[in-house]
Amino acid sequence: MRIVSGIQPTGNLHLGNYLGAIKNWVKMQDDVAAQGGQSLYFLADLHAISMPHDPKTLSANTREMTAALVACGIDPDRSILFNQTQVPQHAELQWLLNGTARMGWLSRMTQFKDKSGKNREGASVALFTYPVLQAADVLLYQATHVPVGEDQKQHLELARDIAQKFNNDFAPKDENGEDAPVFTLPDPIIPPEAARIMSLRDGGSKMSKSDPSDMARINLTDDADTIMKKVKKAKSDAEPLPSEKAGLEGRAEAANLVGIYSAMTGQSVEAILAEFGGEGFGKFKPALGEVLVEKLAPINERFNELRKDYGALDAILAKGAARARELATPTLHAAYDALGLVRG
Ligand code: TYM
């Protein structure tokens, strides 16, 4: 079992990232260690330059996001934690995979359509080829599982398509004359209860780092007062909570808040509605705020300690990158060889 996943170091780590992905990263780090496998988690800084950005902010965010991941429980001794730029094999493999990825496949990516918006001519080429780099990120390590939120599912399907076409077109033969695939097809791992955490201001759009309103998200770095304020101001509706799950249908904001409570506590939605059914948000929101404060306070405290020492964070990244480069090299070489490129 080999787990690989990444996060862009743009802005703060928020509750959507945490419940959709990072909580699973931490859990899988233990599962995989117990089975003698390996987990690799990285800051996707090369992906971050596909949108307009400020270089100073990006380099600071790379350290801050490293601190946030360690604060959440990623252990740099058990997992390989690194920064994408420090493992140049990612960019090298992307170029090789550009020969296999099809324009039509990339044109169908919903993230490209959303992020380029109406100004497609003005979008960067990197935004278009972004999913090919993402495929390289996971294929480079023969990842078997990729823990992500729902919004990354389409990119993972593309990574599988690229791997399959590359294997079909270029797999060399082994000593028995059988095809020896260069890449493993990875499976996404998406948490059913927190696949898509929505904005606190609009139940129809996902919680995101790029939302201009900070009130739309809970950052893992928010203090207790800010969390309570954001939850109290979160959009809801005038109805009391239903006592059965079916009653949440068509109530996106209510469903999101109950979903967050469920993902944070591990209690089922049914059990939460058995407790709060019939109550209004005046009662439910403070309870949710308290759950969030209680669970996030230790992460916040640890984050504030870790971010004081960029030198120590850089040392974590340097060590992780050295281990990642070692794991990446055999697959990269196999891909060069399969394509007939002379490495010398
Ligand atoms: P990014 O940085 O946008 O988000 C990191 C992770 O958080 C998940 N996520 C969410 N989950 C539930 N609800 C939400 N509102 C929410 N918002 C974000 C994302 O699904 C993701 O798992 N392209 C990726 C980074 C990446 C990557 C990779 C991931 C680059 N290479 C290789 C996996 C494998 C991204 O921009 O994630």
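Residues numbered from 1 in each chain as written. Predicted model: local features only at pLDDT ≥ 70, side-chain atom pairs only at ≥ 80, totals over all residues. Heavy atoms only, no water.

### Quick look at the overall build of the protein
Consideration 1: Counting its regular elements, the protein contains 13 helices and five strands.
Consideration 2: The C-alpha radius of gyration computed for the protein amounts to 21 Å, which stays within 12% of the reference 20 Å derived for 344 residues, consistent with globular compactness.
Consideration 3: Here the C-alpha coordinates of the protein stretch approximately 70 × 45 × 45 Å along the principal axes.
Consideration 4: Intrachain contacts of the protein at a sequence separation of at least 6 include 75% that bridge at least 24 residues.
Consideration 5: Accessible surface for the protein amounts to roughly 15,800 Å². Of this, 51% is attributable to carbon and sulfur atoms.
Consideration 6: In the protein, the 38 positive side-chain charges and the 44 negative ones have mean positions that sit 4 Å from each other. (Helix = DSSP H or I, 4+ residues; strand = E, 2+ residues; numbered from the N terminus. Rg over C-alpha atoms; globule rule 2.2 N^0.38 Å. Contact = heavy atoms within 4.5 Å. Areas by Shrake-Rupley, 256 points an atom, 1.4 Å probe, with all protein chains shown as cover. Lys, Arg positive; Asp, Glu negative; His and termini not counted. Charge placed at Lys NZ, Arg CZ, Asp CG, Glu CD.)

### Examining the packing of helix H7 (residues 125-139) against helix H8 (residues 153-170)
To characterise two packed helices, one gives the angle between the axes of the helices and the distance between these axes.
Consideration 1: The N-to-C vectors of H7 and H8 enclose an angle of 70°; their axes lie 9 Å apart at closest approach. Between H7 and H8, the crossing angle belongs to the class labelled roughly perpendicular. On the side of H7, the interface is formed by Tyr130, Pro131, Val132, Gln134, Ala135, Val138 and Leu139, while H8 contributes His155, Leu156, Leu158, Ala159, Ile162 and Ala163.
Consideration 2: Across the contact of H7 with H8, the residue classes break down as eleven nonpolar, two polar and no charged. (Axes fitted to C-alpha atoms, helices over the stretch in contact; angles between N-to-C directions. Parallel < 35°, antiparallel > 145°, perpendicular 65-115°, else oblique. Nonpolar A, V, L, I, M, F, W, Y, C, P; charged D, E, K, R; others polar.)

### So, the site of the ligand
Consideration 1: Within the structure, the ligand sits among 28 residues, and Tyr130, Asp137, Asp151, Ile197 and Lys209 are positioned closest to it.
Consideration 2: Asn17 places a side-chain nitrogen or oxygen 3.1 Å from an oxygen atom of the ligand.
Consideration 3: A distance of 2.8 Å separates an oxygen atom of the ligand from a polar side-chain atom of Lys209.
Consideration 4: A total of 710 Å² of accessible area belongs to the ligand in isolation, and the protein chains cover 96% of it.
Consideration 5: Looking at the shell around the ligand, the elements that each hand over two or more residues are strand S1 (2-7), helix H1 (15-34) and H7.
Consideration 6: Tallied by class, the residues present in the shell around the ligand amount to twelve nonpolar, eleven polar and five charged. (Near = heavy atom within 4 Å. Polar contact = N/O pair within 3.5 Å; in protein donor to acceptor, adjacent residues only side chain to side chain.)

### Examining the domain arrangement of the protein
Consideration 1: Under the domain assignment, the protein is made up of domain 1 (2-195 + 310-339) and domain 2 (214-306).
Consideration 2: Of the residues lining the interface, 16 residues belong to domain 1; the matching set on domain 2 comes to 15 residues.
Consideration 3: On inspection of domain 1 and its partner domain 2, the count reaches zero salt bridges.
Consideration 4: Inspection of the domain 1/domain 2 interface yields three residue pairs in polar contact (both at pLDDT 80 or more).
Consideration 5: Taken together, the elements giving at least two residues each to the side of domain 1 that touches domain 2 come down to H1 and helix H3 (55-72). (Domains from an automatic or database assignment. Salt bridge = Lys/Arg side-chain N within 4 Å of Asp/Glu carboxyl O.)

### Structural notes on the pairing of S1
Consideration 1: Pairing of S1 with strand S2 (residues 38-43) involves six bridges; the strand directions are parallel. By the bridge assignment for S2, Gly6 is matched with Phe42.
Consideration 2: Running through H1, the crossover from S1 to the neighbouring parallel element S2 is right-handed. (Pairing = 2+ DSSP bridges. Right-handed = clockwise from strand over helix to strand, strands pointing away.)

### Things to note about the nonpolar core
Consideration 1: Ranked by internal contacts, the top residues of the largest apolar core, which has 58 residues, are Phe284 and Leu292.
Consideration 2: For this core, the element with the most residues is helix H12 (residues 281-306), which contributes eleven residues.
Consideration 3: Both domain 1 (2-195 + 310-339) and domain 2 (214-306) contribute no fewer than three residues apiece to this core.
Consideration 4: Non-local contacts of Leu292, meaning those with residues more than four positions away in its chain, are made with Leu15, Ile218, Ile227, Val231, Ile260, Met264 and Ala297. (Core = buried A, V, L, I, M, F, W, Y, C linked by side-chain atoms within 4.5 Å. Buried < 20%, exposed > 50% of the residue type's maximum accessible area, 1.4 Å probe, protein only.)

### What to know about the pairing of strand S3 (residues 80-83)
Consideration 1: By the alternation rule, side chains of S3 split into Ile80 and Phe82 and Leu81 and Asn83, which are all buried.
Consideration 2: Relative to S3, S2 is paired through four bridges, and the arrangement is parallel. Paired with Tyr41 across the two strands is Leu81, which belongs to S3.

### What to know about the packing of aromatic side chains
The description of an aromatic ring pair rests on the distance of the ring centres and on the angle between the ring planes.
Consideration 1: Enumeration according to the criterion identifies ten aromatic pairs in this entry.
Consideration 2: Ring geometry for Phe112 and Phe128: centres 5.1 Å apart, planes at 75°, overall edge-to-face. Here Phe112 is found in helix H6 (residues 110-116), whereas its partner Phe128 is found in helix H7, with 16 residues between them in sequence. A single burial state applies to Phe112 and to Phe128, both of which are buried. (Phe/Tyr/Trp six-rings, centres within 6.5 Å; stacked < 30°, edge-to-face > 60°.)

### Details of the packing of helix H10 (residues 252-265) against H12
Consideration 1: At a minimum axis separation of 10 Å, H10 and H12 run at an interaxial angle of 35°. Of the two possible hands of crossing, H10 and H12 adopt the one that is left-handed. Within the contact between the two elements, H10 uses Ala254, Leu257, Val258, Ile260, Tyr261, Met264 and Thr265 and H12 uses Phe281, Phe284, Lys285, Ala287, Leu288, Val291, Leu292, Lys295 and Leu296.
Consideration 2: Residues belonging to the contact of H10 with H12 are distributed by class as follows: 13 nonpolar, one polar and two charged. (Left-handed = near helix turned anticlockwise from the far one by under 90°.)

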